[in-house]
Amino acid sequence: MGRWKKVLIFISVLFFWLLVWQAAAFAVGRELILAGPIAVAKRIGTLALTASFWRTCLMTLARVFAGFFLGILFGTLCGLLSANRVLHALISPLMTVARCVPVASFIILTWYFLNRDQVPVFAAFIMVVPIVWGNVKKGLDQVDGALREV
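Below is a summary of the structure that appears in this document. (Residues numbered from 1 in each chain as written. Predicted model: local features only at pLDDT ≥ 70, side-chain atom pairs only at ≥ 80, totals over all residues. Heavy atoms only, no water.)

Side note on the overall build of the protein
A count of helices and strands for the protein gives seven helices and zero strands. Listing every helix and strand of the protein by position from the N terminus yields α-α-α-α-α-α-α. For 150 residues, the compact-globule formula gives about 15 Å, and the C-alpha radius of gyration of the protein, at 22 Å, lies well above that figure. Taking the principal axes of the C-alpha coordinates as reference, the protein spans close to 65 × 50 × 30 Å. A buried classification covers 19% of the 150 residues belonging to the protein. Total accessible area computed for the protein in this model is approximately 11,500 Å², and 73% of it derives from carbon and sulfur atoms. Looking at the protein, you have 14 positive and 5 negative side-chain charges, and the mean spots of the two groups are 15 Å apart. (Helix = DSSP H or I, 4+ residues; strand = E, 2+ residues; numbered from the N terminus. Rg over C-alpha atoms; globule rule 2.2 N^0.38 Å. Buried < 20%, exposed > 50% of the residue type's maximum accessible area, 1.4 Å probe, protein only. Areas by Shrake-Rupley, 256 points an atom, 1.4 Å probe, with all protein chains shown as cover. Lys, Arg positive; Asp, Glu negative; His and termini not counted. Charge placed at Lys NZ, Arg CZ, Asp CG, Glu CD.)

Set out below in structure tokens:
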């Protein structure tokens, strides 16, 4: 498939979903409940001209990265600890819950227990930990036994 054909398909799909969004907003008829794409674009354009918008975006991004890196550290630690069968039996159920429960559920509970600045950190953390844990555990399981003794 040619490059221009891929671009045309992408633009067509984007246009289709923007039309669906606009039709849904029109059907609802209340911008407060469901704003259309044009209203959203205008508002983002207005907000993009303010320093507080960019400050908020950067602070949220910093919090997400903090949660990401904390998740990598904790997931790696849990993965290393899971090399021990007893610790694996203790850690595994927590990771299964973290993988199975929708992240939105964790976020809603987090709003109740933590302040709003900590929610992005926790959300990123809870998404990263089980993935890193699983990969570290799988990597350790695949290491040759003779190599472990070295």
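Considering the pattern of salt bridges
Scanning the entire structure with this criterion turns up two salt bridges. With its nearest N and O atoms 3.5 Å apart, the salt bridge here joins R63 to D117. Pair noted here: R63 is in helix α3 (residues 51-81) and D117 is in the loop between α5 (103-113) and α6 (119-141), with a separation of 54 residues, a long-range link. With a relative accessible area of 33%, D117 lands in the partly exposed category. The shortest N-O distance in the salt bridge between K137 and D141 comes to 2.7 Å. Note that K137 and D141 are positioned in helix α6 at a spacing of four residues, about one turn of the helix. (Salt bridge = Lys/Arg side-chain N within 4 Å of Asp/Glu carboxyl O.)

Observations concerning the packing of aromatic side chains
All told, the structure shown has seven aromatic pairs when counted by the stated rule. Judged by centre distance (4.9 Å) and plane angle (80°), the ring pair of F16 and W17 falls under edge-to-face. Residues F65 and F69 carry aromatic rings whose centres are separated by 6.4 Å and whose planes lie at 25° to one another, so their mutual orientation is stacked. You can see F65 and its partner F69 sitting in helix α3, four residues apart, about one turn around the helix. For F65, a relative accessible area of 42% corresponds to the partly exposed category. Three or more aromatic residues joined by ring pairs form one cluster here, namely F65, F68 and F69. (Phe/Tyr/Trp six-rings, centres within 6.5 Å; stacked < 30°, edge-to-face > 60°.)

Observations regarding α3
For α3, which comprises 31 residues, the first-to-last C-alpha distance of 45 Å matches the rise-based estimate of 45 Å (1.5 Å per residue) to within 8%. When α3 is considered as a whole, its buried residues turn out to be R63, G67, G71, G75, C78 and G79. Among the structural elements, α4 (85-100) and α6 are those in contact with the buried residues of α3. (Expected span 1.5 Å × (residues − 1). Contact = heavy atoms within 4.5 Å.)

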